[in-house]
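Now for the letters of each chain:
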Amino acid sequence: MQNIVNFFLKNRFFFLFLVLLSLSFFLTVQSHNYHSSKFINSANWVTGGIYKASSGISDYFGLRTHNVQLVEENKRLRTLLFNNRLPYPDSIPPDSLLLRGNQGYIVRNASVIKNSYNTPKNYVTIDRGENDGIAQDMGVITSRGIVGIIDNTSGNYATVQSVLNTLTRINAQLKNTNHFGSLQWDGRSERTVQLVDISRIAPLKEGDTVITGGMSTIFPKGIPIGTIENYHLDISENYYIINVALFNDMTNLGHVYIIENTNKEEIMELEHSVNE
């Protein structure tokens, strides 16, 4: 305590100077409008900068919450799109959304926890499984396009057979026509897949969009896949082999959406009875 007293006594003239300087500054600001306005503006600039920085920090740490909210909103909008119906009231459970109508698609969201894209048979692992209503042969997409098809499930996880898998076959068509074929992958580039069995009479143009054809119980019609990069006739010269540049960056997957067709069993039973 004595040391503190000695410090102030030793520097008493300096502290007296600071007090007098502060007092004179205060009196100057108070008695002159120009100085007063400048001081207030400077103070506002400083505090505004502090508040802006604080808000930026808060926004940064709130990004995860905002992302979750956006994913939920996108899930609901995609279900509306697939079903072409109005949603139920706000009492809908947050983990899924089923809309009235003949279409009957449920959209669920998930996060990718593992992704392979540099082998002939690539798979994606997501953090949703049987406990979340995920089952084999459901379609998986992102906000940009298709990812693949659910292959295996456990209680809390599922593997997705990627579109970058030489075993994958997905019904697809040209957006501008009704010509459809089968989407597959030749195992070469992670950004390009092939659309085969398109008749040679189909009008093709580089840059045209390719979408899902809707002729299966997995994907609704109209989900974007990519654009025509180039094309050539196959050996028989009756069908085109089209290289399609994917909209999705398959090397950078985060949030995905799983699509369930609730009419799948009924459709398959009907088709099975016809085949018999």
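Provided above is the structure to which this section pertains.
Calculation notes
Residues numbered from 1 in each chain as written. Predicted model: local features only at pLDDT ≥ 70, side-chain atom pairs only at ≥ 80, totals over all residues. Heavy atoms only, no water. Pairing = 2+ DSSP bridges. Helix = DSSP H or I, 4+ residues; strand = E, 2+ residues; numbered from the N terminus. Axes fitted to C-alpha atoms, helices over the stretch in contact; angles between N-to-C directions. Salt bridge = Lys/Arg side-chain N within 4 Å of Asp/Glu carboxyl O. Buried < 20%, exposed > 50% of the residue type's maximum accessible area, 1.4 Å probe, protein only. Phe/Tyr/Trp six-rings, centres within 6.5 Å; stacked < 30°, edge-to-face > 60°. Contact = heavy atoms within 4.5 Å. Polar contact = N/O pair within 3.5 Å; in protein donor to acceptor, adjacent residues only side chain to side chain.

**Student:** I keep staring at the sheet that holds strand β10 (residues 224–233) and nothing clicks. Help me out?
**Tutor:** Think of a sheet as strands paired side by side through backbone hydrogen bonds, with each pair either parallel or antiparallel. Sheet architecture is closed into a barrel: six strands sit in the order β6-β7-β8-β11-β10-β9, paired in antiparallel fashion. Strand after strand, the sheet turns through a mean of 40° between neighbouring axes, direction not considered. Relative to strand β9 (residues 209–212), strand β6 (residues 170–174) runs antiparallel, the two being bridged by three bridges. Among the inter-strand pairings, Leu174 is bridged to a residue of β9, identified as Val210.

**Student:** What is the right way to read the pattern of salt bridges from this model?
**Tutor:** Pairing between side chains becomes possible if they bear opposite charge and their charged atoms approach one another. Scanning all chains against the criterion turns up five salt bridges. Asp127 is the salt-bridge partner of Arg128, the closest N and O atoms lying 3.6 Å from each other. Residue classification places Arg128 among the partly exposed residues on the basis of a relative accessible area of 27%. Here Arg188 makes a salt bridge to Asp186, at a shortest N to O gap of 3.9 Å. Judged by relative accessible area, Asp186 falls into the partly exposed class, the value being 36%.

**Student:** Even after reading the chapter, I still don't get the pairing of β9, so can you show me in this structure?
**Tutor:** Along any regular strand, the residues point their side chains to alternate faces of the sheet. Direction of pairing for β9 relative to β10: antiparallel, over a ladder of three bridges. Looking at β10, one finds that Val210 is bridged to Gly226.

**Student:** Hey, could you run me through the packing of aromatic side chains in this one?
**Tutor:** Both the distance between ring centres and the angle between the ring planes are used here to describe each pair of aromatic rings. The final tally for this structure, using the stated rule, is one aromatic pair. An angle of 85° between the planes, with centres 5.4 Å apart, marks the rings of Tyr231 and Tyr240 as edge-to-face. Accessibility expressed as a relative area gives 31% for Tyr231, which makes it partly exposed.

**Student:** I tried to follow the environment of Asn131 on my own but got confused; where do I start?
**Tutor:** Examined against the element boundaries, Asn131 turns out to sit in the loop between β2 (121–126) and β3 (139–141). Measuring from C-alpha to C-alpha, the distance between Asn131 and Tyr157 comes to 8.8 Å, with 26 residues separating the pair along the chain. What Asn131 contacts, discounting residues up to four positions off in sequence, is Gly155 and Asn156. A polar atom in the side chain of Asn131 sits 3.1 Å from the side chain of Asn156.

**Student:** Hey, could you run me through the sheet that holds β2 in this one?
**Tutor:** Read around the closed barrel, the six strands follow the order β1-β2-β5-β4-β3-β12; overall the barrel is antiparallel. Strand-to-strand twist across the sheet, computed as the mean angle between neighbouring axes with direction ignored, equals 45°. Examined bridge by bridge, strand β1 (residues 105–115) and β2 share three bridges and lie antiparallel to one another. Its bridge partner being in β2, Asn115 is matched across the sheet by Val124.

**Student:** Got a minute to help me understand unusual backbone geometry in this structure?
**Tutor:** Excluding glycine, residues mostly carry a negative phi; peptide bonds, for their part, are mostly trans. A positive phi angle is found at Asp137, which is not glycine, with a value near 70°. Topologically, Asp137 is positioned in the loop between β2 and β3.

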